[in-house]
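Working through the structure, step by step
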Amino acid sequence: MKPSEPLLEVRDLRVDVGEQNVLKSVSLAVPAGALVVLMGANGSGKSTLGLTLAGHPRYKVVSGEARFGGQDLLPLSPEARARAGLFVSFQAPPDIPGVKNGLFIRSALNAVRESRSESPLDAFDFLASARTAAAELGLPDAMLNRPVNDGFSGGERKRNELLQLALLKPRLALLDEIDSGMDVDGVRAVVRLVQSLRAQGTAFVVVSHYLQLIESLEPDSVHRLDQGAIVEDGGLALARDIARTGFVRAPALAEA
Amino acid sequence: MNHARAEVLTARERLASIGWIPGRSEYFRHLPPPGMEVWLGDGSEMSAADPVVHEPADAGWTLESLGTARQGLVEAQWLDAADATQRSQLFAGIAAPGDSDADRFAWAHQALCRRGLRLRIGGGKASAEGEAGETVSLALRRQAQTALEAPTLVIDVLPGMHCVLLETHERGASMDAVVQNLDVHVTLGAGASLQHLRVATPAPGDRIVHRVHARLGRGARYDQALIACGSSYHLQRTELDLHAAQGSARTGAALFAAGTALEQQVEVLHRGADTTSDVEALVLASGKARAVVNAYSRIAAGADEASVRQRLSGIPTDGQPRLVLRPHLEINHDKVQAVHGATWGALPEDALFYARQRGLNESSARALIIKGLLTALLERSLGDPDVLQTLGVDALLGNAAARYLAAGKELSHE
C-alpha cells in the first residue's frame, strides 16, 4: 500500500443482486483512520455496498474495483477480507443456535490472529478481555454464555456487534445502522467505542439516518447515496441539510 | 436341555416360522436390513456345552459413577443368559416379542443373547433410607466383545428416583466388522425420571441394531439424547410406552451419515391421559449416504389431553445422499394436541456468511454451525444445559461432527 493510497478505495462499483442492478456506480475513498458517513434513503444501496465489500455471495460485482490496504479486495473470500482487517456490522445480525457467543467470538478472534501468525488466545485470557469490553458496552457477562444472538433483542444484537468490533479491532469497520434499535446508552456506547478505536487507527464507514449520532462522531466526510450512486459529497453541513429537508431533493436544490 | 437353551431354540424356531423382515415392510422398506443369517450367525455362538466361551463375566459393560450421590443407590447384576435362573432374572418383567416386523430383531436377540446387565436405580443397599428424589449419575461404557453379539441392558428406575445416564458403545480398533443386536429395556416407576444420553458411533463396516424400549409409570419422565453415525447398516429404534397418566418423553437425535447407512425409528404409544411426547431429529448426510428417520406416534382411545410433537430435519451437506424423513401420527382420541413436520434444507447461509465475515474459514464456520445446531437440539431433548456439561456432550458431539466432516471431505475427493 502506497502512503498516498486510501485504506479503502472503491471505483465505479456496479453490483447486481439476482436480476436487479442495485449499485450503478459507486466510488468512495476512505483514508486510514478516517470516519466517513454514508446517508441515503431506504433502498438506495447502502447495505448492498457493505455486503458487497464483505464478499456476500449473493452480491455480484458486474464492474468496477475495490482495493483495501493496497490489495484487490474483490477476489478475496469473505474470511480473507475479514482477516485483512475489514469488519462489516450487520443491520440484522443472524442468530447461531447452540453456539455460545464467547466461543464464537474467540474462534473468530483466533482465526484472525492465526492469519497474522499470532498465538491464539486461551479461554482464560479471552474471557478477561471479553468481560472488560462487554462491561464498557453495557452488556452483562451472561451474554457471552448465551448462543450467538439467539433470543437477543434488537438492541442486544447491535451491542453484540459492537462487542465483536471492540475485540477484533479491525483496520476498517463498516457499521450499517448500528444505532437502530438501540437505547440512549447504547448510542453513547457506539460513540465511545468508535472514538476509542479511531484513536487506535481504525477507519470507519458509518451508515446512519440520525444526525445526533453523526454529529457526535465528528466525521471527516459525508456522502449521500441515491439509486445506487453517490450523488453528493460534503461534511456535517450535508448531514444537517439532509436531516432538515430529507432525501428527496428538488432539482434546483440539488444543483445549488 | 435347560430352560435357557429351550428359549434360544424357541426363538430360532419362531424366526424360522415367521420369516425375516419382508422387503415391502412399511417401516423398513427405505433401508432394508441385512438378512436373518447376519443376526443369527451359524448357530455355533450358542453352544450348550460351552455357554460362556466368548464373553467375559461383565459382558463388556463398565459402570462408573459420574456424580457424588450416595453409594448404594444402584444395584448392578451381570447375568448369564445361558443359565436358566440368571436368564429369568435378566428378562424378568420383559414381555415376549410379538410378530411385528421390528420384533424379528427381538427374536434374533433372544436366540443369540449370552449375557446382560441389569441395573436397579434406587434398588441398592441404601434403598430403605428414603432416597426418593435423589439423582444418580452414571456412565455405562460397552466394549464390543465378539464379531457377533446380542447384549442386553435392563434399567429399572424405582419410583421417585432420578437418573442421569451416559451410555457409550465402543469397539476395538483391531476388530473386524462387528454385528451387534442390542436390546435395552427401561422401566420408570411413578414419578421417576431418566435423562439418557446414548452414543453409538460404529466403524463403517459394522452392522448395528439398538432397540430401546421404555415403559413409563405415572408422572414419569424419560429424556433421551442420541448421537449416532452411520455404518454398513445402523438402526436405532426407540419404543416408548406412555401407559400411565402424566408420563412424559422426549427424544432428540444428532445423526451423521457420511456415505453410510443410518436409520432412526421412534415409536411412541400414548395410552395414559395427560401424556406428552416430543420427538426431534436432525440428520446430516453426505456422499451417497442413505439416512432415514421414522417417527410414529399413536394416541390411543382414552388418552385424554395427550400432546404429541414431532420435528424431523435433514441437511445434506455434500454429495447426493438419500434422506427420508417420515413423521407419522395416528390419533384415536378427540381431545389431544399434535404437531408434526419435516424439513430438508441447507445449513443457514446467513449464519455461515456471518461467521466467515468475522474471520472463520468456510470449513470451520460449517463445523461450528453444525455443532451448534446439534447442541441446541440435544439441550432441548435433555432439557438442562448443566446435564449436558455433566455428560460431556460438547466433546462427544465435537468428535462425532469432526469425524463426519472429515469423512465427507474424503468422499468429495473420491
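Everything numeric here is computed off the predicted structure, so don't read it as measured data.

The subject of this paragraph is the pairing of strand β10 (residues 203-207) of chain A. Residues and elements named next belong to chain A. Counting buried residues in β10 gives five out of five residues, a clear majority hidden from the surface. Burial along β10 is two-sided: the face carrying Ala203, Val205 and Val207 and the face carrying Phe204 and Val206 are both buried. Looking at chain direction, strand β3 (residues 35-40) and β10 are connected through four bridges and run parallel. Of the residues in β10, the one forming a bridge with valine 37 is valine 206. Of the strand pairs in this sheet, strand β9 (residues 172-176) and β10 are connected by five bridges, and their pairing is parallel. If you follow leucine 174 over to β10, its bridge partner there is valine 205. Crossover handedness for the path β9 to helix α6 (residues 184-199) to β10: right-handed.

Time to look at the confidence of the model for chain B. Residue and element names in this part refer to chain B. The pLDDT averaged across chain B works out to 91; a share of 93% of its residues lies at or above 70. The low-confidence segment residues 47-54, where pLDDT is below 50, has seven contacts with residues more than four positions distant or belonging to other chains. At the level of chain-chain contacts, confidence expressed as ipTM amounts to 0.95, with global pTM at 0.89.

So, on to the interface of chain A and chain B. In this complex, chain A contributes 20 residues to the contact, which on the side of chain B involves 19 residues. Of all the secondary structure elements, the ones that give two or more residues to the side of chain A that touches chain B are α2 (78-83), β7 (96-100) and α3 (101-115) of chain A. Across the side of chain A that touches chain B, the residue classes break down as 14 nonpolar, four polar and two charged.

Residue and element names in this part refer to chain B. Where helix α1 (residues 3-18) contacts helix α4 (residues 103-112), the two axes come as close as 7 Å, and the packing angle between them is 150°. Relative to α4, α1 is oriented so that their crossing is left-handed. Across the interface between the two elements, Glu7, Val8, Ala11, Arg12, Arg14 and Leu15 of α1 pack against Arg104, Trp107, Ala108, Gln110 and Ala111 of α4. For the contact of α1 with α4, the residue count by class is six nonpolar, one polar and four charged.

Residues and elements named next belong to chain B. Residue position: alanine 245 is located in the loop between β12 (233-242) and β13 (248-258). Exposure remark for alanine 245: the 17 C-beta atoms within 10 Å place this residue in the partly exposed category. The spacing of alanine 245 and aspartate 304 is 59 residues in sequence and 9.2 Å in space, taken between C-alpha atoms. If sequence neighbours within four positions are ignored, alanine 245 has contacts with Arg218, Gly272, Ala273, Asp274 and Thr275.

Before going further, it helps to examine the environment of Ala4(B). As for its placement among the helices and strands, Ala4(B) is situated in helix α1. Excluding its chain neighbours within four sequence positions, the residues that come into contact with Ala4(B) are Ala81(B), Ala82(B), Asp83(B), Ala84(B) and Arg87(B).

Counting all residues, the mean pLDDT for chain A is 93, and 96% of those residues have values of 70 or more. In the model of chain A, helix α9 (residues 251-255) of chain A stands out as the element of lowest mean pLDDT, 52, in contrast to strand β6 (residues 86-88) of chain A, which has the highest, 98.

Glancing now at unusual backbone geometry. Residues and elements named next belong to chain A. One non-glycine residue, aspartate 12, lies in positive phi territory at about 45°. For lysine 169, which is not a glycine, the phi torsion comes out positive at approximately 45°. Tracing the chain through its elements places lysine 169 in the loop between α5 (154-168) and β9.

All names here are of chain B. Ranked by size, the top nonpolar core spans 200 residues in total, and within it Ile121, Ala254, Leu255, Val283 and Ile369 carry the most contacts. It is helix α6 (residues 362-382) that contributes the most residues to this core, ten residues altogether. For leucine 255, the residues in contact, after removing those within four places along its chain, are Ala228, Leu262, Gln264, Ala281, Leu282, Val283, Leu284 and Ala291.

This brings us to the sheet that holds β13(B). Residues and elements named next belong to chain B. In space, the nine strands of this open sheet follow the order β1-β4-β7-β9-β11-β13-β15-β17-β19, with mixed pairing throughout. Each of the sheet's edge strands pairs with one partner strand only, and the pair in question is β1 (61-65) and β19 (337-344). Strand after strand, the sheet turns through a mean of 10° between neighbouring axes, direction not considered. Examined bridge by bridge, strand β15 (residues 276-286) and strand β17 (residues 307-316) share ten bridges and lie parallel to one another.

Parameters and conventions
Residues numbered from 1 in each chain as written. Chains lettered and ligands numbered in written order. Predicted model: local features only at pLDDT ≥ 70, side-chain atom pairs only at ≥ 80, totals over all residues. Buried ≥ 20, exposed ≤ 12 C-beta atoms within 10 Å, placed from the backbone. Helix = DSSP H or I, 4+ residues; strand = E, 2+ residues; numbered from the N terminus. Pairing = 2+ DSSP bridges. Right-handed = clockwise from strand over helix to strand, strands pointing away. pLDDT = per-residue confidence, 0-100. Contact = placed C-beta atoms within 7 Å. Nonpolar A, V, L, I, M, F, W, Y, C, P; charged D, E, K, R; others polar. Axes fitted to C-alpha atoms, helices over the stretch in contact; angles between N-to-C directions. Left-handed = near helix turned anticlockwise from the far one by under 90°. Core = buried A, V, L, I, M, F, W, Y, C linked by C-beta atoms within 7 Å.

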